[in-house]
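Structural overview for review
Here is how the chains run, residue by residue.
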Amino acid sequence: MDLARRLKPQHLRLIVKIAESGKLQIAAGALAISQPAASRILAELETDLGTKLFDRHPKGMVPTAIGQAFLQHGRAILAT
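As a starting point, this report considers the structure included with it.

What counts, and where the lines are drawn
Residues numbered from 1 in each chain as written. Predicted model: local features only at pLDDT ≥ 70, side-chain atom pairs only at ≥ 80, totals over all residues. Heavy atoms only, no water. Salt bridge = Lys/Arg side-chain N within 4 Å of Asp/Glu carboxyl O. Helix = DSSP H or I, 4+ residues; strand = E, 2+ residues; numbered from the N terminus. Buried < 20%, exposed > 50% of the residue type's maximum accessible area, 1.4 Å probe, protein only. Contact = heavy atoms within 4.5 Å. Pairing = 2+ DSSP bridges. Core = buried A, V, L, I, M, F, W, Y, C linked by side-chain atoms within 4.5 Å.

A short note on the pattern of salt bridges
Following the criterion strictly, the structure yields four salt bridges and no others. A salt bridge links Glu 20 to Lys 17; its shortest N-O distance comes to 3.7 Å. Within this pair, Glu 20 and its partner Lys 17 are both found in helix α2 (residues 9-21), separated by three residues, close to a single helical turn. In this structure, Glu 46 and Arg 56 form a salt bridge, with 3.0 Å as the shortest nitrogen-oxygen distance. You can see Glu 46 sitting in helix α4 (residues 35-49) and its partner Arg 56 sitting in strand β1 (residues 54-57), a full ten residues away along the chain. Given the relative accessible area of 45%, Arg 56 is considered partly exposed.

Structure follows, in structure tokens:
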């Protein structure tokens, strides 16, 4: 199935929250989902896209160039 059809607002909110906080655990907590569920959602998105959305660093997660583009579109979709 096409990613656009499977993508849910919760997925977009998770990506936005990860970008805002830099931490998967904080993003998961803000959305009231478990950290393992958030990690699974992110991994599935990255697998479906064939690229990483975030670079993982000891101090947190930083969006990649593709991640920045995904964020921009995700924020626009959530704003409607």
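So, the side chain of His 11
Here His 11 is to be found in helix α2. Setting aside its immediate chain neighbours within four residues, His 11 contacts Arg 6, Ile 41 and Leu 45.

Regarding unusual backbone geometry
Non-glycine residue Ala 32 carries a positive phi angle of around 60 degrees. The residue Ala 32 is located in the loop between α3 (24-30) and α4 in this model. A relative accessible area of 69% means that Ala 32 is categorised as exposed.

So, the environment of Leu 7
Along the chain, the position of Leu 7 falls in the loop between α1 (3-6) and α2. Residues contacting Leu 7, with those up to four places away along its chain left out, are Leu 12, Leu 45 and Phe 70.

Notes on the pairing of strand β2 (residues 60-63)
Note: β1 against β2, four bridges, orientation antiparallel. The residue of β2 that forms the bridge with Asp 55 is Val 62. Counting the residues between successive antiparallel strands, the hairpin from β1 to β2 contains two residues.

A word on the nonpolar core
Grouped together as the largest cluster of nonpolar side chains are 18 residues, with contacts concentrated most on Leu 14, Ile 15, Ile 18, Leu 24, Leu 42, Leu 53 and Phe 54. When residues of this core are traced back to their parent elements, those giving at least two are α2, α3, α4 and α5 (65-79). Here this core gets five residues from one element, more than from any other, and that element is α2. Every residue in contact with Ile 15, bar those within four places of it in the chain, is listed here: Leu 42, Leu 45, Leu 53, Phe 54, Phe 70 and Leu 71.

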